[in-house]
Amino acid sequence: MRHLSNAVLRPLAAGLALAAISLVAVHAEDAKKADPKPDPALANQLNPNDKTAEPDEKLLAKDAAVKVEDGKYFDASGAPTFHITDNGKKVDWYTYSGYRRYHAECHVCHGPDGMGSTYAPALKDSLKYLSYEEFVGIVVGGKQDVNSSTQKVMPAFGDNKNVTCYMDDLYVYLKARAAGAMGRIRPGEKEDKPDAARKQEKECLGG
């Protein structure tokens, strides 16, 4: 009976040990997914000569890209983010597109380069604390800021495809401005337009 017990217990103990190892590996993988680290290959290369930029080290670290899929960069939270290379001279497609879309649709109220105006806030400051979800919600649904001394109304752009079809573009451009990754400059060189961006644009605009 004693020998039988050992014969049963040894494989059982081995199995439990293997299960424990597997469980640790799973938890380690989950932790890695929950807290991804920036990929050094995706590090931003800011322009030290751009005096109009205001680098915020904490935001730059928070917004750093940890992965790229189909030409779009993502930070650790899974939100789209910017990618700047060639000593600040080259940006990813979405940041470049966001600059163009912003100055076509948003700058009349919010000022050039997200600097704000007398009747609309500086989005380069708003994006220091707004999450991607909050940003999308405000753009789509609008916002009212009314009190005894001010009355500011952000109209809803949910029906404007020239805005909603380029939501991520606008977000990453303003995110780059908020973090001080780029200043009051028109992006020079840009990465090629990804096929995924072409497809999404066509589907969204109905072309």
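Quick notes on the rules
Each chain has its residues counted from 1, following the order in which its sequence is written. Per-residue local features are limited, in this predicted model, to residues with pLDDT of at least 70; the limit for side-chain atom pairs, both in listing and counting, is 80 or more; totals at the level of whole chains, interfaces and linings are taken over all residues. Computation of side-chain values: all heavy atoms of the structure, hydrogens and water removed. Here, any two strands with at least 2 DSSP bridges between them count as paired. Here a strand is any run of E in DSSP of at least two residues, a helix any run of H or I of at least four, and the numbering for each starts at the N terminus. Classification of ring pairs rests on two measures: the distance between centres of Phe, Tyr or Trp rings, Trp counted by its six-membered ring, which must be within 6.5 Å, and the angle between planes, read as stacked under 30 degrees, edge-to-face over 60 and tilted in between. The cut-offs for exposure are 20% and 50% of the maximum accessible area for each residue type, with area from a 1.4 Å probe on protein chains only; residues under the lower value are buried, those over the upper are exposed, and the others partly exposed. Look at NZ for Lys and CZ for Arg. If either is within 6 Å of the ring centre and within 35 degrees of the ring normal, a charge sits over the ring.

(A) Highlighting the sheet that holds strand β4 (residues 84–85). As summarised here, the arrangement of the three strands in space is β4-β5-β8, forming an open sheet in which the pairing is mixed. The strands lining the two open edges of the sheet, one partner per strand, are β4 and β8 (189–190). Alignment of β4 against strand β5 (residues 90–91), held across two bridges, turns out to be antiparallel. The residue of β5 that forms the bridge with Thr85 is Lys90.

(B) Geometry of the packing of aromatic side chains. In this structure the tally under the stated criterion is five aromatic pairs. Between Trp93 and Tyr96, the aromatic rings sit 5.5 Å apart at their centres with planes inclined by 50 degrees, giving tilted as the arrangement. One end of the pair is Trp93 and the other is Tyr96, both in helix α3 (residues 93–105) and three residues apart, which spans about a single turn. The exposure classification of Trp93 matches that of Tyr96, with both residues buried. Centre to centre, the rings of Tyr132 and Tyr171 are 5.1 Å apart; their planes meet at 75 degrees, and the pair counts as edge-to-face. Of this pair, Tyr132 sits in helix α6 (residues 132–141) while Tyr171 is found in helix α8 (residues 167–179), placing the two residues 39 residues apart along the sequence. One aromatic cluster is present, built from ring pairs that chain together Tyr99, Tyr102 and Tyr173. Against the face of Tyr94 rests Lys72, its NZ or CZ located 4.7 Å from the ring centre.

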